[in-house]
Amino acid sequence: MPEITGFAFPNDIHVTWSLMIVMYPYITGFVAGSFIVTSLYHLFDRQEFKPVARLAMATSFAFLLVASLPLQLHLGQPQRGPFVIVTPNFTSAMAGFGILYSFYMLVLVLELWFVWRQEIIERARRSRGTKRAFYAALALGTYDTSPEAIEIDHKAIKILAGICLPAACMLHGYVGFIFGAIKANPWWSTPLMPVIFLLSAAVSGIALLILLYQVHAKLERRPVVASCVQALASWLWFFLILTITLEELELIVMAYEKSESWLIISELLTTRLSFSYVTMQMIVGGLIPLILLAVVVLMNRYLHEKVRNTLATVAAFLTLIQVFSMRWNIVIGGQLLSKSLRGLRSPYEPEIFGREGVLVAIALFVAPFVILWVFDRVLGIEEPEGGPAANPPAAPPGAAPAGSHVP
Amino acid sequence: MSDCHDGCDGGRREFLAGTLKLAGGAVVTVIGGSALASSSSSPTSAPRPGGGAYDWNEHLWAYLIDTTKCIGCGSCARACKAENDVPDGFYRTWIERYVVGSEDSHVDSPNGGMDGFPPVQVGFVANKSFFVPKICNHCRATPCTQVCPVGASYRTKDGAVLVDAESCIGCGYCVQACPYGSRFIHPATHTASKCTWCYHRITKGLKPACVTVCPTQARQFGDLKKEGDPVRAVVEHDRVQILQGHLLTEPQCYYTHLDKEVR
């Protein structure tokens, strides 16, 4: 039985939303954050992001595939999960998930198809047998890689990115809304919540790409483009400043107002969450990366490439911890606090095994990287050297071009 | 006195129900085939012992608690547990003890008050002490039904907030949304559970178990649509309070003599 300090309503001693509900916004955050990075290139023509644009899009897709799993794993009656989509109650914030998730998935898959269309056709041309049939099916029967068709692809990519970016923001802002709209819980109930979630999503997405990009480049034996890491670090710094500012402003307002709930929230932060909030979210994951990134951004010209990359990598790793801590402190912290506003329960320790345990959470975090690896094997994340074949004649099905090889 | 009336009525009904259970198949003949048929066809039309279906349009239930009458005996919480098979460690109703001084206050509810209250020592000068029974407020504008993603939580036309355990997905959103801590996820069914005002009893003309056993009438249950109902009279003519009124959930559980310390 958990220990209670003060007085908690008797039913408030249970942590109903477990580690899975911490993983849910964490994973969804990568979906939105990665897409923000890919949009900087595809939508806003920031050429410095070209080396990570496709990786970012594939990352968004990989995390999207697992984004609904934590929710599903959390349900008391998982077999009834589809009811949320089949018979939604539209007054519920949660009912929107099915709609937003499906819509984003649809638009993202369409965009992926346009971005990878030339590779799909190339591979269809180069392969034989079942493999060929697979790529031919992916190509949806069109082998047109003429300049006009490519031009149409580019337009489609831009339009779809224009739809996808707000969809990604909605998908994650909505996760913040799920918490922010609970008036019963003063630690959650603030209109700032969706904004903080969205900004921290951008932080986690960019941070993950700083790491992924360098790992991927090393695996592919490609050089790491310095300007790309520099640009990612700059944007990470920008979003981290915004996130931490808002996270602190929320508290400062509460404290200054001396709101009814501040007494218990300040106790929550300084006792139950002193490690996960003060140490991890604010210092290790907040202040230290802010300083490291400030060095990267402000002293760029004096830094050796290796030093810059190392600083950016360490900062990115720490901000990933910051974002996870933030999710933990919101989801779990909000449940350590009784709605009586008179008591706190002892810290929540997740189970190791079991459906909502630590091992499943790790598996959920690893799964998108496995998906990315499969994606790389099937479609190739990076553009082939020299880009896809310029304008090869449309090959009839069944005839691979002479001299082609399977990489 | 309405309590006597309902109590007597309830006694007869209980006796009748017991007889019927013993009689087994004789139920159909005693109650009347038509009443039973209608009860099985609609969940809202439970049979009255005297015959005739329950019509939820004819009632609007409300709960009234006079905190000055509660003696903290815990009978209500025990009756609730027995009547509704409430799992250990979870509560559909509970009693809070307040010990209040000018400098500090102490609140507790050991095992929901189910075993009564042992003496307590406080480290301040206590000026007053009292018990406050708590229960689902069956709010008219309830956030728990608002947030249910599948509509498994709903408010009936007669004012009870219920959960359809057959369609609840066990997401726990309603548990988070209830400002009063009245809901929990049942450890056996893994679906949301809460006070139903003993809906299976009130639709048969009985009172909720907690009200029936309360020895001091600190807990009362009444019908706002019924002329002369004592609860209705208090709600309409006396000064009544609700819990956490600032959240605008419109609770249908009213209090008299509520202290400022109570949330």
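A few points on the structure. All of these numbers come straight from a predicted model, not from anything done at the bench.

Rules used throughout
- Residues numbered from 1 in each chain as written.
- Chains lettered and ligands numbered in written order.
- Predicted model: local features only at pLDDT ≥ 70, side-chain atom pairs only at ≥ 80, totals over all residues.
- Heavy atoms only, no water.
- Pairing = 2+ DSSP bridges.
- Helix = DSSP H or I, 4+ residues; strand = E, 2+ residues; numbered from the N terminus.
- Axes fitted to C-alpha atoms, helices over the stretch in contact; angles between N-to-C directions.
- Contact = heavy atoms within 4.5 Å.
- Buried area = accessible area lost by both parts, 1.4 Å probe.
- Salt bridge = Lys/Arg side-chain N within 4 Å of Asp/Glu carboxyl O.
- Polar contact = N/O pair within 3.5 Å; in protein donor to acceptor, adjacent residues only side chain to side chain.
- Nonpolar A, V, L, I, M, F, W, Y, C, P; charged D, E, K, R; others polar.
- 1 Å grid on protein atoms, 1.4 Å probe; cavity = no way out; pocket = protein on both sides within 12 Å on 5 of 7 lines; lining within 4 Å.
- Points joined across faces, edges and corners; volume = space filled by probe spheres on them.
- Phe/Tyr/Trp six-rings, centres within 6.5 Å; stacked < 30°, edge-to-face > 60°.
- Buried < 20%, exposed > 50% of the residue type's maximum accessible area, 1.4 Å probe, protein only.
- Lys NZ or Arg CZ within 6 Å of the ring centre and 35° of its normal.

Time to look at the sheet that holds strand β10 (residues 253–256) of chain B. All names here are of chain B. Strand order in the open sheet formed by 3 strands is β9-β1-β10, and the pairing between neighbours is mixed. Strand pairing shows two members of the sheet lacking a second neighbour, β9 (219–223) and β10, which therefore form its edges. Sheet twist, expressed as the average angle between the axes of neighbouring strands with direction ignored, equals 25°. In terms of strand pairing, strand β1 (residues 61–66) meets β9 through 5 bridges, oriented antiparallel. Its bridge partner being in β9, Ala-62 is matched across the sheet by Gly-222.

Turning next to the interface of chain B and chain A. Across the boundary between the two partners, chain B contributes 50 residues, which contact 35 residues of chain A. Summed over both partners, the interface of chain B with chain A buries about 3200 Å², with 54% contributed by carbon and sulfur atoms. When the buried surface of chain B facing chain A is broken down by residue, Tyr-173, Gln-176 and Arg-263 of chain B rank first, second and third, together holding 24% of it. Counting every contact that joins chain B to chain A gives 2 salt bridges. Seen at the junction of chain B and chain A, the total is 28 residue pairs in polar contact (both at pLDDT 80 or more). Residue assignment for the side of chain B that touches chain A shows that the elements contributing at least two residues are β2 (93–101), β3 (105–108), α5 (143–147), α6 (173–177) and β7 (184–185) of chain B. Of the residues that constitute the side of chain B that touches chain A, the class distribution is 24 nonpolar, 19 polar and 7 charged.

Glancing now at the layout of surface pockets. Residue and element names in this part refer to chain A. Space inside the second largest pocket adds up to approximately 740 Å³. Tyr-41, His-42, Lys-50, Arg-54 and Glu-383 are the residues nearest the centre of the second largest pocket, which is lined by 30 residues in total. Looking at the lining of the second largest pocket residue by residue, the classes come out as 13 nonpolar, 6 polar and 11 charged.

Next up on the list: the sheet that holds β3 of chain B. Residue and element names in this part refer to chain B. Taken in spatial order, the 3 strands line up as β3-β2-β4 in an open sheet, and their pairing is antiparallel. The open sheet has two edge strands with one neighbour each: β3 and β4 (126–135). Within this sheet the neighbouring strands show an average axis-to-axis angle of 15°, counted without direction.

With that settled, the discussion passes to the packing of aromatic side chains. Residue and element names in this part refer to chain A. According to the stated counting rule, one finds 36 aromatic pairs over all chains in the structure shown. Pairing Phe-49 with Trp-235 gives two aromatic rings, centres 6.5 Å apart and planes at 70°, and the pair type is edge-to-face. Of this pair, Phe-49 sits in the loop between α1 (19–42) and α2 (50–67) while Trp-235 sits in helix α9 (residues 226–257), and the two are 186 residues apart along the sequence. The exposure class assigned to Trp-235 is partly exposed, which follows from its relative accessible area of 23%. Taking NZ or CZ as reference, Arg-54 lies 4.6 Å from the ring centre of Trp-116, over its face.

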